[in-house]
Amino acid sequence: MPLRAPTARLALRPVSCPPPGYVELDGAWWPRSRDLTEELPPLADVLDPLWGRITRIAVNPRYWPILPRRIFVNDHVVKVGWFTSELDPHKILLLSGTAGPWDLLVIPPETADPSAARLMAAASAGIGPRSTASALMAAEQPDGTPSSYEAGPLGRADWRRTCDAALPAPAVSAPVAW
């Protein structure tokens, strides 16, 4: 049986949440390394069926040592660009030919599991005060203690929250793999 690359560690804002003008982020992505050549294809592969074919990705180069100009995903090319002052260094911007843009918090690969779980939940909750990617990262304490946006202890199953407990879960959800 051939080995398949692990899927992206991803948490997305539920479809039933307020439109993007209300919240800054559409979710969070927790790459396994700082190698965009290895990390971007699994991310785009997961998002293609959910958001339409991803055609462009933009990052801030501050935390990425190598920036590919393009990647290949499911037999198509995705162009990769970078912006230093226009794009939050803790965010990635994704575009498709049919919809978008989408903004994801990028959780550093070396982040401990509890902190990553809190950040993923906060970025994908779709509720609460409008927060930027850098604001969420700053709110997370380096010692792993809960921050102000956390309602309580989170487990791996709690990463995807809905906007209202009475609403059903979205029909399509992104896989979260460890």
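Before any of the text, the structure's been laid out above.
Being a predicted model, the structure only gives us computed values, none of them experimental.

What counts and what doesn't
Residues numbered from 1 in each chain as written. Predicted model: local features only at pLDDT ≥ 70, side-chain atom pairs only at ≥ 80, totals over all residues. Heavy atoms only, no water. Core = buried A, V, L, I, M, F, W, Y, C linked by side-chain atoms within 4.5 Å. Buried < 20%, exposed > 50% of the residue type's maximum accessible area, 1.4 Å probe, protein only. Helix = DSSP H or I, 4+ residues; strand = E, 2+ residues; numbered from the N terminus. Salt bridge = Lys/Arg side-chain N within 4 Å of Asp/Glu carboxyl O.

Peer 1: Tell me about the nonpolar core, residues and numbers included.
Peer 2: Trp29, Leu43, Ile92 and Leu104 are the most contacted members of the largest nonpolar core, which has 24 residues in total. Listed by contribution, the elements that provide at least two residues to this core are strand E1 (10-12), helix H1 (36-51), strand E3 (54-59), strand E4 (70-73), strand E5 (76-82), strand E6 (91-96) and strand E7 (102-106). Formed by 14 residues, the second largest nonpolar core is a distinct cluster that contains Ala11, Leu25, Ala28 and Met137.

Peer 1: I'd like a rundown of the pattern of salt bridges, residues and numbers included.
Peer 2: The tally for this structure, following the rule as stated, stands at three salt bridges. A salt bridge links Asp26 to Arg13; the shortest N-O distance between them is 2.4 Å. With Asp26 in the loop between E1 and strand E2 (27-29) and Arg13 in the loop between E1 and E2, the pair connects residues that are 13 residues apart, well separated along the chain. Residue classification places Arg13 among the buried positions, given a relative accessible area of 13%. The closest approach of N and O atoms between Asp103 and Lys91, which form a salt bridge, is 3.8 Å. Of this pair, Asp103 sits in strand E7 while Lys91 sits in strand E6, and the two are 12 residues apart along the sequence. Across the pair, Lys91 and Asp103 agree in class, each one buried.

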